[in-house]
Amino acid sequence: MNIPIADLHCDLLSFLAAVPRADAFSKDQIACAFPWLQEGGVRMQVMAIYTNVDASSMRMAGKQAKIFYDLLRKEETIVRNFDADFLKNETSDNRIGIIASVENAAGFGTEKATWPEIYKQFDRMLTTVGQLAYISLTHHTENRFGGGNYVEGVGLKEDGKRLLDYMAGKHIPIDLSHTSDLLAEGILNHIDRHNLPIPVIASHSNFRTLWDHKRNLTDEFAQEIIKRGGIIGVNFLREFLDRDVPERLFEHILHGIKMNEDSICFGADFFYTKNFPDQSRQPFYFPLAENAGKYPSILESLSKTLSESQLKKLASENVFNFYQKLWS
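Thresholds, definitions, all that
Residues numbered from 1 in each chain as written. Predicted model: local features only at pLDDT ≥ 70, side-chain atom pairs only at ≥ 80, totals over all residues. Heavy atoms only, no water. Helix = DSSP H or I, 4+ residues; strand = E, 2+ residues; numbered from the N terminus. Rg over C-alpha atoms; globule rule 2.2 N^0.38 Å. Contact = heavy atoms within 4.5 Å. Areas by Shrake-Rupley, 256 points an atom, 1.4 Å probe, with all protein chains shown as cover. 1 Å grid on protein atoms, 1.4 Å probe; cavity = no way out; pocket = protein on both sides within 12 Å on 5 of 7 lines; lining within 4 Å. Points joined across faces, edges and corners; volume = space filled by probe spheres on them. Nonpolar A, V, L, I, M, F, W, Y, C, P; charged D, E, K, R; others polar. Buried < 20%, exposed > 50% of the residue type's maximum accessible area, 1.4 Å probe, protein only. Pairing = 2+ DSSP bridges. Right-handed = clockwise from strand over helix to strand, strands pointing away.

**Student:** Which parts of the structure should I look at to understand the overall build of the protein?
**Tutor:** Helices and strands together make up the secondary structure of the protein, namely 12 helices and nine strands. In terms of overall dimensions, the protein is globule-like: its C-alpha atoms have a radius of gyration of 18 Å, near the 20 Å expected for 328 residues. Projected onto the principal axes, the alpha-carbon positions of the protein cover approximately 50 × 45 × 45 Å. Partitioning the contacts of the protein with sequence separation of at least 6, the portion at a separation of at least 24 is 74%. Carbon and sulfur atoms form 48% of the exposed surface of the protein, whose accessible area is close to 13,400 Å².

Shown next as structure tokens:
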């Protein structure tokens, strides 16, 4: 189906920063290589700046921000900025609109960084990439800002509150995809208590009611995102769908659409898998969703259940509408 696609999460930047001889045009290396994105009709792609929680996090985040900056200049026939101007003219330009995000706020500050250093890093990265699609305070583990989704009993820390305060008014959503439940609750409470103008999304998360995994959203958090006008990107990884049933992808999508068809989109989460230590997770994706070229066939399968209007919302309209409101 020839419907433009918007996707809220891929890890092309960390792949290019960390993997020797990484090639953004090699279909064999990563499932979100540019040829796959083009084949799948992707018109908008969020590229995450991902870092571990270690002494190198600020340097690695800066390196990925520079890679993003360079992509826009070296590959200008293929990509352009996803920004307010793109949204005004998205039908007249066939290039892929790209925008950076931050997956793990350790990229702004190591555990020992001072707050002047954190503010400087934040501002420098924003200047380099131009705009951020969203910020995730944590990844799987704990950092100085809060608890990740594999951490029990750790919520929003004082440094997390301070970073949220600094984000406020900058038109950058906060992402709940990698939070512990306690951290998600703390973020929502802090935003409400201080009336902070921070949108809330889940960039690449599925639904815990269908597959009981800590990376997935409870329906309570999903409804909270929807109530606040946010969007939820459905993740393509087997680990968060159902390890054995490929069609569970469609069930997660339909569950989200049943809650609110104006809030559900794609957050495929394609990343470099060849060096992943846990071999039990191979293959990471079912064949029906194993690379970014699969979007047309995914939509074709869903067309038996969804209307054309619903398919267009899922594919890209919900994402475009969200950012149009955010930046207007």
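**Student:** How should I be thinking about empty space enclosed by the protein in this particular structure?
**Tutor:** Empty space among the atoms can be located by rolling a probe the size of a water molecule over them. Inspection of the entire model under this criterion finds one cavity of 30 Å³ or more. Size it by volume and the largest cavity reaches roughly 60 Å³. Lining the largest cavity are L176, S177, T179, D181, A184, S205, R208, K214, R215, N216, L217 and F221. Split into classes, the residues belonging to the lining of the largest cavity amount to four nonpolar, four polar and four charged.

**Student:** How do you make sense of the pairing of strand β4 (residues 96-103) when you look at a structure like this?
**Tutor:** When a strand is regular, its side chains alternate between the sheet's two faces. Burial within β4 is extensive, with eight of its eight residues counted as buried. Burial of β4 is two-sided: the residues I96, I98, A100 and V102 facing one way and the residues G97, I99, S101 and E103 facing the other way are all buried. Here strand β2 (residues 42-50) pairs with β4 via seven bridges, running parallel. In the sheet register, Q45 faces β4, and the bridge partner there is I98. Pairing between strand β3 (residues 79-81) and β4: three bridges, direction parallel. Considered in β4, the bridge of R80 is made with G97. Regarding topology, helix α5 (residues 115-129) serves as the crossover connection from β4 to the parallel strand β5 (residues 132-136), and that connection is right-handed.

**Student:** Is there a simple way to think about unusual backbone geometry in this case?
**Tutor:** Most peptide bonds take the trans configuration, and most residues that are not glycine carry a negative phi. A cis amide bond links Q282 with the next residue in sequence, P283, at an omega value of -10°. Mapped onto the fold, P283 is located in the loop between β9 (264-266) and α11 (295-302). For R21, which is not glycine, the phi dihedral falls at a positive 55°. The backbone phi angle of D269 is positive, close to 70°, even though this residue is not glycine. Note that D269 resides in the loop between β9 and α11. Taking relative accessible area as the criterion, D269 reaches 6% and is therefore assigned buried.

**Student:** What should I look at first to understand the layout of surface pockets in this one?
**Tutor:** Empty space within the largest pocket amounts to approximately 740 Å³. As for the largest pocket, its lining consists of 31 residues, and the residues nearest its centre are Y50, N52, H139, F271 and F276. Going through the elements one at a time, α1 (12-18) and α3 (57-74) are the ones with two or more residues in the lining of the largest pocket. Considered class by class, the residues forming the lining of the largest pocket number 12 nonpolar, 13 polar and six charged.

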